[in-house]
Structure formats: C-alpha cells, structure tokens
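A closer look at the structure
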Amino acid sequence: MQVFKFGGASVKDADAVRNVKNIIKDFSEQKELVVVVSAMGKTTNLMEKIVVDFLKGNDPKKHLEQLKTYHTAIAKDLFENEKASIFTQIEKLVYDLEIRLSLRVSSEDELYDQVVCYGELLSTHIISAYLNQEKIDTHFLDSRIYIQTDDNFREGNVDWNWTSRLINSDVKDLIQNNVVVTQGFIGGTINNKTTTLGREGSDFTAAIFGYCLDAEKVCIWKDVPGIMSSDPRRVEEVSLFKKLPYKYAAELTYYGASVIHPKTIRPLALKNIPLYVNSFINPADEGTVIGDFEDYPSKSSIIFKTNQAIIRFCEKDFLNVSKGDLGLVFSELSRLNIKINLMKNSALSLSICTNNDLSKIEKIKKLFDDKFKIEVIEDLELITIKNHTEDTVKELGIDLSKVHMRQISLDTYQLVIKS
Ligand SMILES: Nc1ncnc2c1ncn2[C@@H]1O[C@H](COP(=O)(O)OP(=O)(O)O)[C@@H](O)[C@H]1O
Ligand SMILES: N[C@@H](CC(=O)OP(=O)(O)O)C(=O)O
C-alpha cells in the first residue's frame, strides 16, 4: 500500500482539486491507497485569525463567512448537482465551528486545536465526496479517532502503540476496496478532544500512516519538482536532489527547509520506507526519493529559517555566566519546549537562537530575571549552508558586520541576521 499527501497549495481551488483527482485516479486502479489532505490554500491562517479574534472578544462572524464562501465556491465548481449533500455538510461544519467557539476550554491552546481542525475537516469532506462523484470509491476517515495523542495541544505527542493498533484494525480492510481520504495535521486524545501536530504537520500525518501500515512508499506532492538545493522562492539557481539519505533530509528539515515537516523522516527511516517528494504540477516527473542511501551529497544547499529570535543571558555583577545556573536554563528551555536552533557561549553571555515565540520568551525572561540580564533580539533569520564553499558564502552577499551570531564547522556554515 502507499500513502499520498496533498498540501494546501495542491487543493487551493477547484482546478487544483481536479488535478489531485487525476493523480489519484491514475494510481488508485492498481494499488491500495491512503490520501492525507491538508486544509485548502491558506485556510489554516484564516482559522488562526478566527481564534485570535475570538480571544480578543471580537466577533469572528466576518471570518466565518469568508470560510464558508471560499469552500462553497470550490464545491459549486466541482459538483454537478447543486443540491449535493456536500453543501449542507459545509454549512453544518461552519455552524459546528461557531458553536464550538462558545464551549468552555481549559486553555487557549486547547481552543486553538478545537477550532483550527475545521480547515482539514472541510477540505477532506469536499475531496472525498468529489472523488465519489468521479467514480473513485472513497472512504472518509476521521483521523482524530486513529491518530491518538496526549493533550499537549498545538503539538500533540503521538501514542504510537494505540495509533498503530487503531489504524491497523480498520484501515487495512478499508483500503482493499476504497481510497481512504483523511485529514493531515490533526489527532485526538483519549477524552475525544482534538489536537494538532504542529503547523505544517500533515507531512508527519502521512508518515504516521505509512509507518503504521508498513507502506511500500509515502509520496508528498508539492508545488516544486522535489527537494532542491535551496528554496526556489529565495534563490534563483537551484538544482534538484534526485536521491537523499534519510539523515541528510532530516538535517535539512532541522535547519528549516520548510518543504518537509521535521517530524516526517524519523518514522519512515525506522522502517526503511522511502519518501518521495513529487510535483503535483508535473506528476510524471521523477522528483526526489529519500531513503537508506549511503552517499551523502557534496553540493551546497542553503536553508532559510525565518521568524527567529536570540535570547541572550548576560552576566550580572561580573559573575561568570557558567556559574549562573546554566543547567537550570537548559532544563527550563526543555520544559517550555523551546527549541534551540543555534547556541553560542562566552565568558559573559550565553546566546540562544530560537523560534520567535513571544509568550515562551516572556516566560523565560520572568524565570531568569534575577539571575541574568536578559536581552532579546527579534525579527531574525537563521541561514544555514550545508557543504559551504567560499563562493556560496560570497553569493549570499551578507554584510558580516550585521550578523548577530555565526558558527562555522567543517561542513556547515550558519549565521543569524536581521530579516
Ligand atoms: N530545499 C527546498 N526544496 C524545495 N522547496 C523548498 C525548499 N525549501 C523550502 N521550500 C519551499 O517549500 C514549499 C513547499 O512546501 P509547503 O508550501 O509547505 O507545501 P505544502 O503546503 O503543499 O505541504 C515550496 O513552494 C518551496 O518554496
Ligand atoms: N493546514 C496545516 C497543516 C499542513 O501541513 O498544511 P500544508 O500541508 O498546507 O503545509 C497548516 O497549514 O499548518
């Protein structure tokens, strides 16, 4: 069996959905298939606006209306029968969401997950109904019942044992006669609360299904030809990696290559399941395959990680920083799930480059205000060059006097600059 994943860009309008249908149709005649789908276009950003509006006490009606109009317009273009049940389903989902907003929750993060999931629920309802209309026998699967997580809202941790058992108990049978369509990005807890797996987490969902079902391969369909030496939106001259070892791909995603979610590689590598990255624009093209390959690429790749901040813990009263409870700093960073993307220490300070999550940074400031003088620099970008050469560094044309942090090793060159 195989797992396909289609992200927001691949289902952003009716023509895009028709293209996805053609890709599935070509394939589904011969094979068992699970299709993981994200929210349409930029819907998740809109869902986040609904949450923010609601928390500010503003009426989210305008955004709810936008949500309904966008999905209804796509459905109108796709469905021949204007009385098809999908139209009632869209209305009902948006109505449910409105009710959901008024129900009690124990935290803002919990509310976020209960709301944001509607993007994926809308897209999968539309796509599975459309595939059925197009005579592709399709089963709609609610992934919240199968992907079991803890209640760490906004970044649920997968319970692999239950998830694997639940997926195996049903999905293996379902794929015999149907294409199974399910949501990326969302899971559920033992108390039937919805959780999410972290922004852009649908790639990870595909890897979870692939792992649990011992897939022959997982294929994520993107708007690029595959994994390139850099983000083609940022760098003009890029080349395609045809083959990548799991470890190299894991490194690229760790440094911030947004083309694959960082959690995707591990489950697949553990079972030696190849991950294909293909273009939904040119589906017949070769793309990239990530697998158990020996050869580490030697060409340079440049990775941009935006929305970064530096937290600098500086000495107070000339006390060497290393005497100032560094162990405690690391344990609090870990407790707050603050990821260290780059780190540098000196006699007088410890600097950490991390994702610019203001609420977490505020917590750190409060915790260590008495021990260190804490400085925060925001609006930064972390640039990583793998296999750097003098030329690749020069081509970036960065004024080194404006660099906030720099680290160079034999095969990796990293710097943090104002974005
Ligand atoms: N090394 C890279 N190779 C290819 N694409 C990259 C790379 N780094 C970043 N990207 C970006 O990733 C985008 C695809 O990922 P994303 O937009 O998250 O897809 P989706 O939402 O469909 O899952 C591309 O449009 C490209 O701009
Ligand atoms: N819809 C979610 C999950 C996701 O993975 O989306 P995409 O596949 O479009 O990156 C998000 O935007 O975060």
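Summarised in this report is the structure supplied together with it. Here the structure is a predicted model, which is why all the values come from computation and not from measurement.

**Description of the site of ligand 2**
Residues in contact with ligand 2, as listed here, are K5, G7, G8, S38, A39, T44, E120, F185, R199, E200, G201 and S202. K5 is positioned with one of its side-chain polar atoms (N or O) 2.7 Å from an oxygen atom of ligand 2. Coverage of ligand 2 by the protein amounts to 87% of the 340 Å² it exposes when considered alone. Looking at the shell around ligand 2 residue by residue, the class counts come to 2 nonpolar, 6 polar and 4 charged.

**Structural notes on the pattern of salt bridges**
Following the criterion strictly, the structure yields 23 salt bridges and no others. Residue E251 pairs with K386 through a salt bridge whose shortest N-O separation is 3.1 Å. Of this pair, E251 sits in helix α10 (residues 246-255) while K386 sits in strand β14 (residues 373-386), placing them 135 residues apart in sequence. By sharing partners, the salt bridges in this structure join K5, D203 and K222 into a single network.

**Some details on the site of ligand 1**
Of all residues adjacent to ligand 1, which total 15 residues, the nearest are K5, K222, D223, D231 and R233. The side chain of D223 places a nitrogen or oxygen atom 2.7 Å from an oxygen atom of ligand 1. One of the backbone N or O atoms of M228 is found 3.0 Å from a nitrogen atom in ligand 1. About the coverage of ligand 1: the protein hides 88% of its 580 Å² of free accessible area. Of the residues belonging to the shell around ligand 1, the class tally is 5 nonpolar, 5 polar and 5 charged.

**Remarks on the environment of V94**
Along the polypeptide, V94 turns up in helix α4 (residues 85-102). The exposure class of V94 is buried, given its relative accessible area of 6%. For the pair V94 and D317, spaced 223 residues apart in sequence, the C-alpha to C-alpha distance is 57 Å. Excluding anything up to four places from it in sequence, V94 contacts L64, L67 and K68.

Parameters and conventions
- In this convention, every chain numbers its residues from 1, walking through the sequence in written order.
- Here chains are named by letter from A upward and ligands by number from 1 upward, in the order in which they appear as written.
- Residue-level local features of this predicted model are given only where pLDDT is at least 70; pairs of side-chain atoms are given and counted only at 80 or more, and the full residue set underlies all totals for whole chains, interfaces and linings.
- Heavy atoms from the whole structure form the basis of all side-chain values; hydrogens and water molecules are not counted.
- Being near a molecule or strand, for a residue, comes down to having at least one heavy atom within 4 Å of it.
- For this analysis, a polar contact is any N or O atom pair within 3.5 Å, provided that within protein one partner can donate a hydrogen and the other can accept it, and provided that sequence-adjacent residues contribute only side-chain to side-chain pairs.
- Values of accessible area rely on a 1.4 Å probe in the Shrake-Rupley scheme; residue burial ignores everything except the protein chains shown.
- Gly counts as polar in this scheme, as do all residues outside two lists: the nonpolar Ala, Val, Leu, Ile, Met, Phe, Trp, Tyr, Cys and Pro, and the charged Asp, Glu, Lys and Arg.
- Salt bridges are defined by distance alone: a side-chain nitrogen of Lys or Arg within 4 Å of a carboxyl oxygen of Asp or Glu.
- A run of H or I in DSSP counts as a helix once it spans at least four residues, and a run of E counts as a strand once it spans at least two, with each numbered from the N terminus.
- Buried residues are those whose accessible area, probed at 1.4 Å on protein chains only, stays under 20% of the maximum for their type, while exposed residues exceed 50% and partly exposed ones sit between those limits.
- Residues count as neighbours in contact if any of their non-hydrogen atoms are within 4.5 Å of one another.

Nothing here speaks to function; it is all geometry.
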